[in-house]
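Letter by letter, the chains look like this.
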Amino acid sequence: MNIGLIAHNSKKVLLENFCIAYKGILKKHHLCATEVTGTRVEQASGLTVTKYLSGVMGGGKQLQSDIAQNNIDMVIYFHSVEFPGHEQEGSFQEIVNLCDLYNIPLATNIATAESLILGLDRGDLEWRNLY
């Protein structure tokens, strides 16, 4: 499955630790992320990540395009709620809307991300292969 990874600056370490903890599951899937996030995940976990442009250069838009084309099966987006009006807030809302529109499982916090990853490992998301 294709998994999109995004994290605002204040959540990048959380995403790195998540990827380290679930490396055994994640290595079985194709990961993609914005440039900085993808590089950090690769360095921290040793996983291979296909990298889009950086977020400020349009990487979020590239992910949005892949979601709309049904090329993404799950999104993990750890966003910062501490900074309302954050420059990436519009991108966040667009990704949420697209995931809802195209029935893409989306995690925006560690609890939901763990549930999705464990479900993925059990085969609970195999319905995406038919979609």
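For the structure, check the block above.
Quick caveat, the model's predicted, so the values are computed rather than measured.

J.: Run through a nonpolar patch on the surface, naming residues and quoting values.
T.: A cluster of nonpolar side chains, contributed by Leu53, Val56 and Met57, occupies part of the molecular surface with about 340 Å² of accessible area. Of note, Val56 is situated in the loop between β3 (49-51) and α4 (59-68). According to the relative accessible area criterion, Val56 is exposed, its value standing at 68%.

J.: Give a detailed account of the nonpolar core, specifying residues and quantitative values.
T.: Ranked by size, the top nonpolar core spans 24 residues in total, and within it Leu5, Leu15, Phe18, Leu26, Ile76 and Ile117 carry the most contacts. Within the residue set of this core, elements represented by two or more residues are β1 (2-7), α1 (12-21), α2 (23-26), β2 (30-33), β4 (74-78) and α6 (110-122). By residue number, the principal contributor to this core is α6, which donates four residues. Aside from chain neighbours lying at most four places away, what touches Phe18 is Leu26, Ile76, Phe78, Ile110, Ala113, Glu114 and Ile117. The next biggest cluster of nonpolar side chains, apart from the first, holds 14 residues, and it includes Ile72, Tyr77, Val96 and Ile104.

J.: Got a sec to walk through the state of the cysteines? Specific residues and values, please.
T.: By the definition in use, this model includes zero disulfides. Between Cys19, a cysteine without a disulfide, and Cys32, which holds the nearest cysteine sulfur, the sulfur-to-sulfur distance is 12 Å. With relative accessibility at 0%, the residue Cys19 sits in the buried group. Of all cysteine sulfurs, the one in Cys99 lies closest to Cys32, which takes part in no disulfide; the gap is 11 Å. Take Cys32: its relative accessible area is 3%, and that puts it in the buried class.

Thresholds applied
- Residues numbered from 1 in each chain as written.
- Predicted model: local features only at pLDDT ≥ 70, side-chain atom pairs only at ≥ 80, totals over all residues.
- Heavy atoms only, no water.
- Patch = residues over 30% accessible without salt bridge, like charges linked within 9 Å, V, L, I, M, F, W, Y side chains within 5 Å.
- Areas by Shrake-Rupley, 256 points an atom, 1.4 Å probe, with all protein chains shown as cover.
- Salt bridge = Lys/Arg side-chain N within 4 Å of Asp/Glu carboxyl O.
- Helix = DSSP H or I, 4+ residues; strand = E, 2+ residues; numbered from the N terminus.
- Buried < 20%, exposed > 50% of the residue type's maximum accessible area, 1.4 Å probe, protein only.
- Core = buried A, V, L, I, M, F, W, Y, C linked by side-chain atoms within 4.5 Å.
- Contact = heavy atoms within 4.5 Å.
- Disulfide = S-S within 2.5 Å.

That is the geometry; function is a separate question.
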